[in-house]
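# Topology and contacts: notes
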Amino acid sequence: MTTQSPAWQKLAEHQQATSQLHMRDLFAADANRFNAMHETLHGLLFDYSKNRITEETLTLLCNLADSAKVKQRMQAMRRGDKINTSENRASLHIALRLPENADPIMVDGENIVPKVHTELNRALSFAGSIIDGSHTGITGKRITDLVHIGIGGSDLGPQMGAQALYFYRTGVRVHFVSNSDDADIAQTLTTLDPETTVFSIASKSFGTPETLLNGQAARDWYLQHGLPEEGISHHFCAISSNVGAAIKFGIPPERVFGMFDWVGGRYSIWSTIGFPMMVAVGPENFREFLRGAHAMDEHFFNTEFRHNIPVLMALLNVWYNNFYHSDGHTTVPYSHNMRRFTAWLNQLDMESCGKQRTLDGKPVDCITGGIIFGEEGPNCQHAYFQLLHQGTRLIPADFIVPMTTPYGIGRQNRFTVANAFAQSEALMKGKTLEEARAELSALPEAEREKLAPQKEFPGNRPSNSFLFDKLDPFNLGMLMAAYEHRTFVQGVIWNINPFDQWGVEYGKVLAKAIEPELESGTSAHDSSTNSLVAFYRQCQK
Ligand code: F6P
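Everything numeric here is computed off the predicted structure, so don't read it as measured data.

## As for the layout of surface pockets
- In this model, the largest pocket occupies a volume close to 710 Å³.
- Around the largest pocket, the lining comprises 32 residues; the ones closest to its centre are Ser205, Thr208, Gln501, Glu505 and Lys508.
- Contributions of two or more residues to the lining of the largest pocket are made by helix 9 (209-224), helix 15 (341-353) and helix 22 (502-520).
- The leading source of residues in the lining of the largest pocket is helix 22, at four residues.
- When grouped by side-chain class, the residues that make up the lining of the largest pocket number eight nonpolar, 15 polar and nine charged.
- Taken as a whole, the second largest pocket encloses approximately 610 Å³ of empty space.
- Around the second largest pocket, the lining is made up of 24 residues, and of these Ser335, His336, Thr405, Pro406 and Tyr407 lie nearest the centre.
- Those elements giving two or more residues to the lining of the second largest pocket turn out to be helix 16 (377-381) and helix 18 (412-429).
- The leading source of residues in the lining of the second largest pocket is helix 18, at five residues.

Next up, the structure:
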């Protein structure tokens with residue numbers, strides 16, 4: 001069992017022995033702490049010195065990774081072994097960002113690298129033709145808007161990426177529709193002209209009802225505007241590994257961009273699922289995004305654990321999750337354009353690591369998966385940060401901070417960066433009762449003694465900082481790939497499969513049963529569900 005290994009036990013003992021250490025003292029005792037506890041890669045700075053660790057902790061955590069066979073599992077992933085055991089599939093998102101001349105990766109006897117580039121080039125070329133105007137609508141008008149329809153992994157990554165790289169935007173506006181609540185598509189379409197709009201319908205399975213319903217609504221909207229059926233090929237494309245279903249839906253084969261069953265939805269932004277990003281930022285910027293991710297892959301596969309950014313990120317998460325029993329993990333980009341980053345990460349990490357069975361089907365014997373939440377930096381400082389600073393829970397934080405913005409408005413960038421740094425410092429240092437008293441020295445003693453405890457901060461609250469010069473395609477690619485590999489390594493340590501999602505599938509099955517009941521009114525569930533169905537029917541009258 002995971003928790004019975006000597007490496008795990010040693011960490012548990014070590015946690016007991018060191019849990020009273022305060023980071024404030026660790027910094028005071030070692031002027032070199034930052035030097036020893038940061039990594040750099042192509043301009044990305046990863047500072048993990050503000051964690052409740054010593055060099056011995058890192059050694060023991062790396063030993064845990066060795067004993068969990070992280071290296072062997074990394075190699076299995078890279079070789080294309082079917083490491084997604086419950087679905088009998090490889091998990092090869094890394095292959096999507098390999099250069100064209102990379103060594104072959106064989107899946108079921110076939111080298112997948114050329115196939116990846118064929119589909120990528122098809123999608124990039126269509127994106128390019130929309131951007132440069134060589135592809136027009138059926139009435140000959142230039143395309144001004146793309147509406148991307150998808151959900152989960154077919155939405156969150158490209159939506160976040162397109163927004164993050166707003167500064168690199170082309171002339172085509174890109175919109176995203178995911179929710180089956182028809183407000184989403186209705187409100188999006190009101191601003192658009194069908195003659196100048198292209199829809200991309202993205203679904204790996206091409207069986208996800210939210211996406212198919214929205215796709216159908218888009219098709220109806222297009223036809224209701226009097227545009228001809230034969231214009232569908234000008235205005236609709238699809239992205240799927242189920243090419244047949246996309247064609248059956250009415251998308252012409254030349255407008256269906258393939259993806260592969262060995263890419264999990266939440267790892268798929270690098271595939272043709274990235275199409276809206278390709279349109280939003282242009283083919284060359286999308287290639288640069290892939291290059292950034294590939295650079296992180298190279299680092300991940302070739303760096304010893306002690307200096308391996310994704311491995312360290314994962315080990316620190318395991319440290320807090322399993323040895324400190326932390327209550328969640330907040331991820332905070334100090335970047336307005338990265339405001340959807342945590343939504344993307346929610347799916348990546350929580351859909352991957354929310355598992356209770358080991359790879360061989362036994363119950364896990366440790367807490368898996370973290371509760372990930374977050375918002376754009378300055379805003380969440382004024383919302384939930386109070387709980388991080390003075391609440392009773394332990395919630396480690398990741399601060400993601402670009403050092404520059406392209407706008408140069410007043411002193412806003414300096415102010416924003418200063419706040420990010422100040423938060424990590426305050427969380428680490430805290431404020432002692434003595435310091436609080438000293439700050440209040442002007443007050444009469446009774447008042448001071450009453451107020452000082454309210455102004456005491458425990459500190460010793462961990463955080464990582466990720467800094468990079470600017471939010472460009474390469475840096476975004478590196479960062480996202482680091483989080484992907486973090487997720488994988490966590491999965492290996494917990495001995496779970498981070499590539500399936502049977503829990504989500506179950507909800508989909510139940511919804512299929514309830515939908516017709518909302519129409520017929522006959523439902524045979526528990527009294528709560530039956531009453532909810534009845535209430536719905538009442539409201540329809
Ligand atoms: O949310 C569950 C899920 O299965 C995700 O894993 C996936 O990203 C999403 O649905 C969408 O699936 P598809 O791309 O097949 O429509």
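## With respect to a nonpolar patch on the surface
- Where nonpolar side chains cluster on the molecular surface, the patch consists of Tyr166, Phe167, Tyr407 and Ile409 and spans about 440 Å² of accessible area.
- By relative accessible area, which is 40% here, Tyr166 ends up partly exposed.

## Describing helix 13 (residues 283-302)
- For helix 13, spanning 20 residues, the distance from its first C-alpha to its last is 29 Å, which sits close to the expected 28 Å at 1.5 Å a residue.
- Restricting attention to buried positions, one finds in helix 13 the residues Phe286, Phe289, Leu290, Gly292, Ala293, His294, Ala295, Met296, Asp297, His299, Phe300 and Phe301.

## Digging into the UniProt feature "active site" (unreviewed entry) in the protein
- Per the UniProt annotation, the sites labelled "active site" (unreviewed entry) are Glu351, His382 and Lys508. In terms of the greatest pairwise C-alpha distance, the residues named above, spread along 158 residues, do not form a single cluster, extending to 36.5 Å across. Taking the annotated residues in turn, Glu351 and Lys508 line the largest pocket.
- Among the secondary structure elements, Glu351 is positioned in helix 15.
- With near-sequence residues (within four places) excluded, Glu351 lies in contact with Arg266, Asn346, Asp500, Gln501 and Val504.
- Mapped onto the elements, Lys508 comes out in helix 22.
- Assessed through its relative accessible area of 36%, Lys508 is described here as partly exposed.

Rules used in this analysis
Residues numbered from 1 in each chain as written. Predicted model: local features only at pLDDT ≥ 70, side-chain atom pairs only at ≥ 80, totals over all residues. Heavy atoms only, no water. 1 Å grid on protein atoms, 1.4 Å probe; cavity = no way out; pocket = protein on both sides within 12 Å on 5 of 7 lines; lining within 4 Å. Points joined across faces, edges and corners; volume = space filled by probe spheres on them. Helix = DSSP H or I, 4+ residues; strand = E, 2+ residues; numbered from the N terminus. Nonpolar A, V, L, I, M, F, W, Y, C, P; charged D, E, K, R; others polar. Patch = residues over 30% accessible without salt bridge, like charges linked within 9 Å, V, L, I, M, F, W, Y side chains within 5 Å. Areas by Shrake-Rupley, 256 points an atom, 1.4 Å probe, with all protein chains shown as cover. Salt bridge = Lys/Arg side-chain N within 4 Å of Asp/Glu carboxyl O. Buried < 20%, exposed > 50% of the residue type's maximum accessible area, 1.4 Å probe, protein only. Expected span 1.5 Å × (residues − 1). UniProt positions renumbered as here; feature names shortened; annotations may be inferred. Contact = heavy atoms within 4.5 Å.

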